[in-house]
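# Descriptive analysis of the structure
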Amino acid sequence: ERSPGILLERRGNWAIVSIVSEDLSRLVFPGSILASVNEESAMVLGFERVAQELRNWRPPLRLNFFISPRKMGWLAMVLNERSKSWWDTASGSVSTSVTCGK
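I will try to describe carefully the structure that is included in this document. Just so we're clear, the structure is a prediction, and the values are computed from it rather than from any experiment. (Residues numbered from 1 in each chain as written. Predicted model: local features only at pLDDT ≥ 70, side-chain atom pairs only at ≥ 80, totals over all residues. Heavy atoms only, no water.)

The next thing to look at is the pairing of strand 3 (residues 33–37). The buried fraction of strand 3 is high, at four of five residues. Of the strand pairs in this sheet, strand 3 and strand 4 (residues 40–41) are connected by two bridges, and their pairing is antiparallel. Pairing of S36 across the sheet is with S41, part of strand 4. Once strand 3 ends, the chain turns through two residues before running back antiparallel as strand 4, passing N38 with a positive phi of about 50 degrees. (Buried < 20%, exposed > 50% of the residue type's maximum accessible area, 1.4 Å probe, protein only. Helix = DSSP H or I, 4+ residues; strand = E, 2+ residues; numbered from the N terminus. Pairing = 2+ DSSP bridges.)

Put into structure tokens, the structure is as follows:
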């Protein structure tokens, strides 16, 4: 199968994006944290299990990331009263999804 185009590195028990292909560069950024693999929490799975899942992937592969702030302009953060969580006013979200394969 074709590679999803993302290189992850281990930081503790976290999988952090270190390199992103040009195709995905508008969705995922270096420094983003892998949140889930095919709807399973990467935090619960742990790094070793995540690495195993990604080595043996078959389409469709759905990856969700917590996006790191991008170095451009001012970062405006707003407290969403309903969810009591922070979100980026430019994109309306602090996470993104990438699906590979059919």
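After that view of the structure, there is still more to cover.
Burial of nonpolar side chains together is a common tendency in soluble globular proteins. Of all hydrophobic cores here, the largest spans 17 residues; its most connected members are I6, L34, L63 and F65. Those elements that place two or more of their residues in this core are strand 2 (14–20), strand 3, helix 1 (42–45), helix 2 (47–55) and strand 5 (61–66). In this view, I6 contacts V17, I19, L24, V28, L63 and F65; residues no more than four positions away in its chain are not counted. (Core = buried A, V, L, I, M, F, W, Y, C linked by side-chain atoms within 4.5 Å. Contact = heavy atoms within 4.5 Å.)

With that settled, the discussion passes to the pairing of strand 2. Pairing of strand 1 (residues 6–11) with strand 2 involves six bridges; the strand directions are antiparallel. The partner of R11 across the bridge, within strand 2, is W14. Count of turn residues in the strand 1/strand 2 antiparallel hairpin: two residues, of which G12 carries a positive phi of about 70 degrees.

Time to look at the environment of V44. Within the fold, V44 resides in helix 1. Owing to a relative accessible area of 72%, V44 belongs among the exposed residues under this scheme. Sequence separation between V44 and N13 is 31 residues; the distance between their C-alpha atoms is 9.8 Å.

As a further point, take the side chain of S36. Following the sequence through the fold, S36 ends up in strand 3. A polar contact of 2.6 Å, which involves the side chain of S36, links it to the side chain of N64. (Polar contact = N/O pair within 3.5 Å; in protein donor to acceptor, adjacent residues only side chain to side chain.)

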